[in-house]
Amino acid sequence: MKASALRAAVRGRGRRLGLWLLCWSLVVALGLGLGLWQWQRAADKRELLFRHETAPELENPTVLPPDGARLTLSGEYLGDETLFLDNRTHGNRLGVAALTPLRDEKGRLWLVERGFLATGPRRETPTVTTPEGTVTIGGRWQLAGDSAPLFGPNREGRRLQRMTLSAWPSLDEFAHDGWLHLETGPGRLESWWTPTVLPPERHQAYALQWWGLALAALVVMWLGGRRLIRDGRSSSVDVKPDPEE
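Just so we're clear, the structure is a prediction, and the values are computed from it rather than from any experiment.

Trainee: Got a minute to help me understand the nonpolar core in this structure?
Mentor: Counting 17 residues, the largest nonpolar core has Leu85, Leu99, Leu111, Leu160, Trp168 and Phe174 as its most contacted members. Elements represented by at least two residues in this core include exactly strand 3 (83–90), strand 4 (93–104) and strand 5 (109–118). Per-element accounting of this core gives the leading share, 3 residues, to strand 5. Excluding its chain neighbours within four sequence positions, the residues that come into contact with Leu85 are Gly95, Val96, Ala97, Leu99, Leu160, Gln161, Arg162, Met163 and Trp192. Core analysis: the second largest hydrophobic core is formed by 12 residues, Leu102, Trp110, Val112 and Trp141 among them.

Dropping the structure here:
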C-alpha cells in the first residue's frame, strides 16, 4: 500500500474515533444536565412545600399575601362574572374549574377558584349556582406566576384556557395579582388544585435516572473508543508500505 493511502486510512479512522467520542460526549452531557435540572426542581419543590407549611393565616389582608398563605375573606360573590377554566381533570373526569370574583367589605376584588365541576366532553357553557349576599370563605392563596405560552385566544365564550386576571376587563382592578383556591365556605365545589403535582422525591428519582443514563453512555463511549483504537492499531500493523515507493 502506498504511504499516501495509508495516511488517508489513518485519518479516516481518526475521524471515526472523533465522531464517536463527540456523539457520546453529547449524550453524557445531556444526561448530566437533565439530572441537575431535575435535582434543582426537587429543591424548588421542597422550598415551595416548606413555604406552604409555614405560611401565615390572614383575615381580610390589606397587603399582598405571601404565596401559600391561608386567607379568610368576607364579601359578596359576583356570580354573573363567573368564568370557567377549561380542560381540568379530576378523578379521571373531565371538567372545568369555576372562577368567580368576590368583592370584599372594603370594595376590593379577589378572584376565587371555587373548585372542580365535571362536564364531560360536552362543549356547552357550564352553569353553577353562586351564593348571594355576604359570605365568609377561606382558602389557599396562590400568587400569579409565569405560565406556558398560549396559542390562540385565551377566552372562548365563558371558558378560559389559562387563569389570568385580564379575563375580566370590565371589572375594576383586582386587589392583588393572584387568586384564592377555596377550601371552606359557601360556594365551594370539589377541590382539585394542589400546590405541586410531582413530589420532590419523584424529581430526585428522575435525576438519578438521567445520571444513570449518563454513566451508561460514558461506559459505552469508553469501550467503543478502546475498540476503535485497538482495531486501528491492528490494521496499521497488518498493512505494510509498498517497498517500491
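Still more ground to cover, so stick around.
Trainee: Sorry, what's going on with the environment of Val63 here?
Mentor: Mapped onto the elements, Val63 comes out in the loop between strand 1 (57–59) and strand 2 (70–77). Among the residues examined, Val63 registers a relative accessible area of 57% and is labelled exposed. For Val63 and Ala175, which are 112 residues apart along the polypeptide, the C-alpha to C-alpha distance reads 8.8 Å.

Trainee: What exactly am I supposed to notice about a nonpolar patch on the surface here?
Mentor: Residues Leu215, Leu218, Val219, Trp222 and Leu223 make up a contiguous nonpolar surface patch of roughly 490 Å² in combined accessible area. One can find Leu215 in helix 2 (residues 200–238). With a relative accessible area of 53%, Leu215 lands in the exposed category.

Reading the values: the criteria
Residues numbered from 1 in each chain as written. Predicted model: local features only at pLDDT ≥ 70, side-chain atom pairs only at ≥ 80, totals over all residues. Heavy atoms only, no water. Core = buried A, V, L, I, M, F, W, Y, C linked by side-chain atoms within 4.5 Å. Buried < 20%, exposed > 50% of the residue type's maximum accessible area, 1.4 Å probe, protein only. Helix = DSSP H or I, 4+ residues; strand = E, 2+ residues; numbered from the N terminus. Contact = heavy atoms within 4.5 Å. Patch = residues over 30% accessible without salt bridge, like charges linked within 9 Å, V, L, I, M, F, W, Y side chains within 5 Å. Areas by Shrake-Rupley, 256 points an atom, 1.4 Å probe, with all protein chains shown as cover. Salt bridge = Lys/Arg side-chain N within 4 Å of Asp/Glu carboxyl O.

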